[in-house]
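Report on the structure
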Amino acid sequence: MAMTNKLLITLLLLISIAFVHCLAFHVEIEKFDTPEQEEQEGPRRRPGGGSGEGWEEESTNHPYHFKKRSFRDWFQSKEGFVKLLPKFTKRAPALFRGIENYRFSLVEMEPTTFFVPHHWDADSVVIVLQGKGVIEFVTDNTKEAFHINKGDVVRVPSGVTHFLTNTNQTVPLRLAKFIVPVNNPGRFKDYFPSPSQFQQSYFSGLSKEVLSTSFNVPEDLVERLVKRSKEMGQGIIRRISPDQIKELAEHATSPSNKHKAKKEKDDDTDLRTMWTPFNLFAIDPIYSNDFGHFHEAHPKSFDQLQDLHIAAVWASMRQGSLFLPHFNSKTTFVTFVENGCARFEMATPYKSQEEQQQWPGQGQEEEDLSEDVHKVVSRVCKGEVFIVPAGHPFTILSQDQDFVAVGFGIYATNNKRTFLAGEENMLSNLNPAATRVTFGVGSKLAEKLFTSQNYSYFAPTSRSQQQIPEKHKPSFQSILDFAGF
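Here goes a summary of the coordinates provided.

Quick notes on the rules
Sequence order as written defines the numbering, with residues in each chain counted from 1. Side-chain atom pairs in this predicted model are given and counted only at pLDDT of 80 or more, local residue features only at pLDDT of at least 70, and totals for whole chains, interfaces and linings cover all residues. Side-chain metrics rest on all non-hydrogen atoms present in the structure, leaving aside hydrogens and water. Our working definition of a disulfide is a cysteine sulfur pair at a distance within 2.5 Å. Strands are runs of DSSP state E lasting at least 2 residues, helices are runs of H or I lasting at least 4, and numbering of each runs from the N terminus. Relative accessibility thresholds used throughout: buried, under 20% of the residue-type maximum; exposed, over 50%; partly exposed, between the two (1.4 Å probe, protein chains only). Pairing between strands is defined by DSSP: at least two bridges between the two strands are required.

1. Description of the state of the cysteines
Simply put, disulfide is the name for a covalent bond between the sulfur atoms of two cysteines. Tallying each qualifying case throughout the model produces one disulfide. Each sulfur of the disulfide joining Cys341 and Cys381 lies 2.0 Å from the other. Torsion about the S-S bond of the Cys341 and Cys381 cystine: about 120°, corresponding to right-handed handedness. Within this pair, whereas Cys341 is found in strand 20 (residues 341-348), its partner Cys381 is found in strand 21 (residues 374-381), the two being separated by 40 residues in sequence. Taken as a pair, Cys341 and Cys381 share a single burial class, namely buried.

2. Regarding the sheet that holds strand 17 (residues 310-317)
If you trace the seven strands from one edge of the open sheet to the other, you get 1-22-19-24-17-16-15, paired in antiparallel fashion. Strands with a single pairing partner mark the edges of an open sheet, and in this sheet they are strand 1 (65-66) and strand 15 (287-289). With two bridges connecting them, strand 1 and strand 22 (residues 385-388) associate as antiparallel partners. Each residue of the ladder has a partner; that of Phe66, found in strand 22, is Val385.

3. Observations regarding the sheet that holds strand 4 (residues 103-109)
Ordered by their spatial adjacency, seven strands build an open sheet running 2-3-4-11-6-9-14, and the pairing between neighbours is antiparallel. Either end of the sheet is taken by a strand with one partner, and the two such strands are strand 2 (72-77) and strand 14 (278-279). Judged from the eight bridges that link them, strand 6 (residues 122-130) and strand 11 (residues 173-181) form a sheet pairing that is antiparallel. When the sheet's bridge partners are listed, Ser124 is paired in strand 11 with Ile179.

This is the structure we're talking about:
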């Protein structure tokens, strides 16, 4: 009887232990299911649509991609806004040390608005993304106003007072602005003669006695001029009337019909030439076919960009197209997505955040020259910025919609762009023997490897769109797969 009781107690104990283990396993399963469910639902919640047919669902958290939330509001009101990206070295100190003196900004002005006169202790290059308006420059000896439209590039020299008017009745004026500070690396200041709701007048740094004597007016008048706008609660972007717009635009000229220089050359002649706008669409695209167009204003060709060594770029890609893999020898491009979404891929020696748990410059100073190549992948969409450093091979795929981007190229003067695929690519110029030895392929495959693409610069992502000559050639994707891209 005692033995029977012992066996019964042991059996009940075993059943209890088994029940506890099953319960624990059930809890583990429930805890595991939640992240898996979120991962499956993630792409459906992604703004801007799905990833596109045939796209690998992959996204890497890396320092080269700045999403909309990366911008901070420098100024915002119902009349417009100015947004600014933080210093690139704040994201990754060592990785972006070479471009720490450059900043990127977005400006948007609502219809029939006025951006008050101001100057910066920084040079800047502006690309008009949308709309039309007037920009006017003023010095102590001269003033000149220009009509600006989509695609115009405007150089704004450091220390030159300027103001903007959106002359359009219905469309906002949108600008991408690339800034080069002249005092402190990556830091700049705006200076306004009149105060606003959020900005002081630079005259507030001088005493009333000095200002009264300088302007030869009573002190109470000086105080009214310096404080009045602030008391009215107005911002730096202000709504104006149609009559005021007409008055501001009355003497503006188009870049193609600009004022002729005076016969007697004065000190401001070169300055006026520097701030004359030009249009990217008036330049023949350096790369163009049915799948994309690439317009580039090079500093060697435009005096406005020469001393800054900055290139201005406008690129557009048709839905279902690929910007063929290439790299730049010296130029780092800061690129803003103006329209659509695309897949951005780049080869880099730097590990992603997931692999490294930190970006370069955060506890890591020296690079290992033998380090593996890592693949950076991002879906970049309208309103976002991505950076392509010099020497990094990259490509852009516009799979499910048209794609438009503008770019600012740093150190562009002596840059060479090298394509790795397409009819005109560097690897096709390799000696056939060098190709065979380098890639370990036979002579026939070596001959086809980098010569089978029927397009240059831009190509279709669909095989059905490839124009196949009489003899069959392997698809672009099969070549890349074989080459290990």
